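Here is what each chain is made of, one letter per residue.
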Amino acid sequence: MPLLQKFTQLGGVTTTMRTTDSMHSPSAGWISVFYAASPSEFGCNDHGCDNVPRFDPNYRSFIDILEEDHDYETRVFSENARVFSDILERDDKIHSADLCTRSLFNLARITDLPQAQRRIVVVHLSCLDRLGAVSGYTSYNYLDRVHCLDKEIASLSMQLWDHAPNYTTFLMTSNHGGSGFTHTQFNLQTINVPFVAWGYGFKKHAHFMGKYLLTQQIAPTLFTALNISDEIPLTWLEKPMSDDVYANAPGTYAIQYEVEELLPEEITIDNQQCIPSFSTTHQSVRQVYIVIGVVFSIYLFLGLFAVHH
């Protein structure tokens, strides 16, 4: 992602942040990001969140805290709005976009942002998860979509930055990785996720690589970057990142024009990369072959049984 690297040059990046070990749950990784909670603290496991009460019955996401206590206004865009609204517990506040098209980023570009002093914009891409299950996490389809995502993130980031070119904070992460055709294996390719931060609150050339980081640290790290670390709830058990990654004094964190100078004059987005073909998941095809094999074996056995009798 060469364009994203331009942003990380004036921020911080790691590819070895660790996500939750509840690999079968599509929600557990996002719960750790938005609620700073492990699945067990949130009353969840690979089978759901219905049997064990939450460690804190009054858990609020960092978005809820910023909205309710600091007057932030929020827009959320998602390619899987049903699941994401369940995670954020925001039934009617998700802008839905079609999976594996350009509609997610187009929608985020044209939707009017709140006319407020403080705003949160969440963009949730689900296409790579689908492509990993269909084509594989190292397939040409997957890598093409990553190249497209690089351009989409760069373009949208610069557009959003226009609203507050000197006081905007950007974070990017994933809920899990993947290997082969699945994200259910407990291995480094699955539990290691990227984390990127740049803009207000984060030092230029911040040193993230080599640190032992968990996705539960993202929310308290954000609060520390925004100078509201005293608002971190006591039930957020993970500590924020170390003090050497933060910066709030002018000139110490990235502002828009500094990144703009590193980018090409025009970012050309290739629809062939951005709208990949995808169909049935590898696991579904495998299950069909197993069923066909079992049925064929039964017919073969019955045929041989009939011949002998």
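Located above this text is the structure these notes cover.
Figured I'd write up the structure that's included with this text. As a convention, each chain's residues are numbered from 1 in the sequence order in which they are written. It should be noted that, the model being predicted, local features are given only for residues of pLDDT at least 70 and side-chain atom pairs only at 80 or more, the latter also being counted only at that level, while totals for whole chains, interfaces and linings use all residues. The basis for the side-chain values is all heavy atoms of the structure; hydrogens and waters are excluded.

### Things to note about the overall build of the protein chain
Numbering goes from the N terminus for both helices and strands, where a helix is a DSSP run of H or I of at least four residues and a strand is a run of E of at least two. Within the protein chain one finds twelve helices and eight strands. A 1.4 Å probe rolled over the protein chains alone gives each residue an accessible area, and that area as a share of the maximum for its type sets the label: buried under 20%, exposed over 50%, partly exposed in between. The buried share among the 309 residues of the protein chain stands at 49%. What makes two residues a contact is simply this: any of their non-hydrogen atoms within 4.5 Å. Restricting to contacts in the protein chain with at least 6 residues of sequence separation, those with at least 24 account for 72%. Exposure was quantified through the Shrake-Rupley algorithm and a 1.4 Å probe, taking into account, for residues, occlusion by the shown protein chains and nothing else. Approximately 16,400 Å² of the protein chain is accessible, and the part contributed by carbon and sulfur atoms is 53%.

### Here we look at the sheet that holds strand S2 (residues 73–78)
Paired strands, as defined in this entry, are two strands with at least two bridges between them according to DSSP. Taken together, three strands build an open sheet; the order of strands is S3-S2-S4 and the sheet is parallel. Each having just a single partner strand, strand S3 (94–96) and strand S4 (119–124) make up the two edges of the open sheet. Each strand of the sheet is rotated relative to its neighbour by a mean of 20°, with strand direction disregarded. Axes, fitted as lines to C-alpha atoms, cover a helix only where it is in contact. Angles between the N-to-C directions of the axes lie from 0 to 180 degrees.

### A closer look at the nonpolar core
Take the buried Ala, Val, Leu, Ile, Met, Phe, Trp, Tyr and Cys residues and link them wherever side-chain atoms come within 4.5 Å; each set so joined is a nonpolar core. Core analysis: the biggest nonpolar cluster contains 48 residues, and Phe34, Phe62, Phe208 and Trp236 have the highest contact counts within it. With sequence-adjacent residues up to four places away left out, Phe62 is seen in contact with Val33, Phe34, Ala219, Leu222, Phe223 and Trp236. One finds Leu4, Leu131, Met172 and Leu263 within the second-largest nonpolar core, a separate group that totals 31 residues.

### Quick notes on helix H3 (residues 62–70)
Across the nine residues of H3, seven count as buried, placing the element largely inside the fold. Of the positions making up H3, those classed as buried are Phe62, Ile63, Asp64, Ile65, Leu66, Glu67 and His70. Tucked inside the fold, the buried residues of H3 contact helix H2 (28–35), S2, helix H4 (81–88), S4 and helix H9 (218–225). Remark: Asp71 follows H3 within two positions and exhibits a positive phi of approximately 60°.

### Observations regarding the layout of surface pockets
Points on a 1 Å grid, built from protein atoms alone, make a cavity when a 1.4 Å probe fits but cannot get out and make a pocket when they are open with protein on both sides within 12 Å along at least 5 of 7 lines; residues with an atom within 4 Å of a point are the lining residues. Grid points are joined across faces, edges and corners, and a volume is the space filled by probe spheres set on the points. In this structure, the second largest pocket encloses a volume near 290 Å³. Around the second largest pocket sit 20 residues that line it, and Ser27, Ile31, Cys44, Cys49 and Asp86 are the ones nearest its centre. The classification used treats Ala, Val, Leu, Ile, Met, Phe, Trp, Tyr, Cys and Pro as nonpolar, Asp, Glu, Lys and Arg as charged, and all other residues, Gly among them, as polar. For the lining of the second largest pocket, the per-class residue count stands at eight nonpolar, six polar and six charged.

### So, the side chain of Arg102
By the secondary structure assignment, Arg102 is in the loop between S3 and helix H5 (103–110). Polar contacts involving the side chain of Arg102 include one to the side chain of Glu152, which spans 3.2 Å. Polar contacts, as counted here, are pairs of nitrogen or oxygen atoms within 3.5 Å of one another; within protein the pair requires one atom able to donate a hydrogen and one able to accept it, and residues that are adjacent in sequence qualify only if both atoms are side-chain atoms.

### Quick look at the sheet that holds strand S5 (residues 169–173)
Within the open sheet, the three strands sit side by side as S1-S6-S5. Their pairing is antiparallel. At either margin of the open sheet sits one strand with a lone partner, and together these are strand S1 (11–18) and S5. On average, each strand axis in the sheet is inclined to that of its neighbour by 15°, with strand direction left out of account. Packing of H9 onto the sheet brings it into contact with S1, S5 and strand S6 (192–199), and relative to S5 it is tilted by some 170°.

### What about the pattern of salt bridges?
For salt bridges, the criterion is a side-chain nitrogen of Lys or Arg within 4 Å of an Asp or Glu carboxyl oxygen. All chains considered together, the criterion is met by nine salt bridges. The salt bridge partner of Arg102 is Glu152, with a shortest N-O separation of 3.2 Å. Residue Arg102 is located in the loop between S3 and H5, and its partner Glu152 is located in helix H7 (residues 140–161); the two are separated by 50 residues in the primary sequence. The network of salt bridges with shared partners includes Arg60, Glu68 and Asp69.

### A closer look at the state of the cysteines
Any pair of cysteine sulfurs within 2.5 Å is marked as a disulfide. As enumerated under the stated definition, the model contains one disulfide in all. Put simply, Cys100 and Cys127 are joined by a disulfide, and their sulfur atoms are 2.1 Å apart. The S-S bond linking Cys100 to Cys127 shows a torsion near 105°; that makes this disulfide right-handed. On the criterion of sequence distance, the pair formed by Cys100 in the loop between S3 and H5 and Cys127 in helix H6 (residues 127–135) is long-range, its members being 27 residues apart.

### A closer look at the packing of aromatic side chains
Pairing of aromatic side chains requires ring centres within 6.5 Å, counting the rings of Phe and Tyr and the six-membered ring of Trp. Pairs whose planes differ by under 30 degrees are stacked, by over 60 edge-to-face, and all others tilted. This model, assessed by the stated rule, comprises 15 aromatic pairs. For the ring pair Phe7 and Trp198, a centre distance of 5.0 Å and an interplane angle of 45° mean the geometry is tilted. Here Phe7 is found in helix H1 (residues 2–8), whereas its partner Trp198 is found in strand S6, with 191 residues between them in sequence. Classification of Phe7 as buried rests on a relative accessible area of 0%. Considering the side-chain rings of Phe170 and Trp198, the 5.0 Å spacing of their centres and the 15° angle between planes classify their relative orientation as stacked. Placement of the pair is Phe170 in strand S5 and Trp198 in strand S6, with a sequence separation of 28 residues. Take Phe170 and Trp198: they sit in the same class, and that class is buried. What links up through ring pairs into an aromatic cluster is the set Phe7, Trp161, Phe170 and Trp198.

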